[in-house]
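# Chains, contacts and geometry: an overview
Letter by letter, the chains look like this.
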Amino acid sequence: MIYTFISKTTLTTGLAMSLILGLFSCTPINAQETYIDNTCTQNQQLDEFDRFTVMSKFEFQTQGQTYWFYSGQYIDASPITCISHPEFQQATPLNIPQIQSGYIEQIDKDPGNKTAFLVTVREGNGIHVPTIQYQLNLSTPDKPVMTKLRSWTSGQ
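Residues numbered from 1 in each chain as written. Predicted model: local features only at pLDDT ≥ 70, side-chain atom pairs only at ≥ 80, totals over all residues. Heavy atoms only, no water.

## Description of the overall build of the protein
The condition is simple: Each helix corresponds to a stretch of at least 4 residues labelled H or I by DSSP, and each strand to a stretch of at least 2 residues labelled E; elements are numbered beginning at the N terminus. Accessibility here uses a 1.4 Å probe with only protein chains present; expressed as a share of the type maximum, an area under 20% marks a residue as buried, one over 50% as exposed, and anything in between as partly exposed. When checking whether two residues touch, look at their non-hydrogen atoms; a contact exists if any pair is within 4.5 Å.
Scanning the protein from N- to C-terminus turns up 2 helices and 9 strands. Along the chain direction, N to C, the helices and strands of the protein fall in the order α-β-β-β-β-β-α-β-β-β-β. Looking at the 156 residues of the protein, the share that counts as buried comes to 35%. Within the protein, contacts between residues separated by at least 24 positions form 31% of all contacts whose residues are at least 6 apart in sequence.

## Quick notes on the nonpolar core
Formally: Here, the term nonpolar core denotes a set of buried Ala, Val, Leu, Ile, Met, Phe, Trp, Tyr and Cys residues that are joined through side-chain atoms within 4.5 Å.
Core analysis: the biggest nonpolar cluster contains 18 residues, and Phe69, Ile99, Val119, Leu136 and Leu138 have the highest contact counts within it. Apart from residues lying up to four places away in sequence, Ile99 is in contact with Pro79, Thr81, Ile104, Val119, Val121, Tyr134, Leu136 and Met146. Formed by 10 residues, the second largest nonpolar core is a distinct cluster that contains Cys40, Trp68, Tyr70 and Ile80.

## What to know about the state of the cysteines
Keep this limit in mind: Disulfides are defined as cysteine sulfur pairs within 2.5 Å.
Counted under the stated rule, the structure contains 1 disulfide. Between Cys40 and Cys82 runs a disulfide, and the two sulfur atoms are separated by 2.0 Å. Taking the torsion about the sulfur-sulfur bond, which here is approximately -75°, the covalent link between Cys40 and Cys82 counts as left-handed. One end of the pair, Cys40, is in the loop between strand S1 (35-36) and strand S2 (52-62); the other, Cys82, is in strand S4 (residues 79-85), and 42 residues separate them in sequence. Side by side, Cys40 and Cys82 carry an identical accessibility label, which is buried.

## Section: the sheet that holds strand S7 (residues 116-122)
How we decide: Any two strands with at least two DSSP bridges between them are considered paired. Angles run from 0 to 180 degrees between N-to-C directions of axes, and those axes are lines fitted to C-alpha atoms, restricted for helices to the stretch in contact.
Taken together, the 4 strands give an open sheet; going across it, the order is S6-S7-S8-S9, and neighbouring strands pair in antiparallel fashion. In the strand order of this sheet, the two ends are held by strand S6 (103-109) and strand S9 (145-153), each with one partner. When strand polarity is set aside, the average angle formed by the axes of neighbouring strands in this sheet is 20°. In the sheet, S7 pairs with strand S8 (residues 130-137) via 7 bridges, with the strands oriented antiparallel. Looking across to S8, one finds that Ala116 is bridged to Asn137.

## Concerning the packing of aromatic side chains
The condition that has to hold: Between 30 and 60 degrees the pair is tilted, below 30 it is stacked and above 60 it is edge-to-face, where a pair is any two Phe, Tyr or Trp rings, Trp via its six-membered ring, whose centres lie within 6.5 Å.
Applying the stated criterion across every chain yields a total of 7 aromatic pairs. Between Phe69 and Phe117, the aromatic rings sit 4.8 Å apart at their centres with planes inclined by 45°, giving tilted as the arrangement. Of the two residues, Phe69 is situated in strand S3 (residues 65-73) and Phe117 in strand S7; the sequence distance between them amounts to 48 residues. Here Phe117 falls in the buried class, since its relative accessible area comes to 0%. Ring centres 5.0 Å apart and planes at 85° place the aromatic pair Tyr70 and Phe88 in the edge-to-face group. Here Tyr70, found in strand S3, pairs with Phe88, found in the loop between S4 and strand S5 (89-93); they are 18 residues apart in sequence, far enough to count as distant.

## Things to note about unusual backbone geometry
Non-glycine residue Glu87 carries a positive phi angle of around 65°. Relative to the assigned elements, Glu87 resides in the loop between S4 and S5. You can call Glu87 exposed: its relative accessible area is 55%.

## Thoughts on the sheet that holds S1
Strand order in the open sheet made by the 5 strands is S1-S2-S3-S4-S5, with antiparallel pairing throughout. The open sheet terminates on both sides in strands that have one partner only, identified here as S1 and S5. Both S2 and S3 contribute to a ladder of 9 bridges, which runs antiparallel. Looking across to S3, one finds that Thr53 is bridged to Gln73.

Here you go:
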């Protein structure tokens with residue numbers, strides 16, 4: 001009878017510990033990444049050499065319509081910036097050389113303008129690289145306005 005109690009307790013404790021370890025596993029669980037092609041269209045089936053991974057996505061409204069502003073990163077970290085209606089409908093790349101080259105370090109909403117974004121671009125890898133912050137105003141999405149706000153050298 002003691003053996004039966006110990007066996008049941010060990011089995012129950014073992015199952016409970018397995019369940020607890022499974023719940024608190026150190027293995028990261030990643031949500032599925034979103035992939036886009038070079039025309040900013042979502043396509044989860046793209047080969048790694050044909051896709052950009054969406055790194056940031058913002059929703060905003062202007063002229064009575066809802067838009068998405070998003071950026072993707074290629075495997076070599078080169079960027080693509082895009083605008084579309086929700087769910088990647090009518091997606092198009094933004095033809096703005098200042099943010100389509102270099103490396104996008106960060107994108108934030110401009111707290112002073114609901115249709116503008118602060119885009120920080122590094123002009124290379126490594127230290128002591130020119131870095132520029134732009135304001136991208138998308139109040140008229142088919143005519144984006146880019147303004148240089150400030151520049152500095154990274155690592156200083």
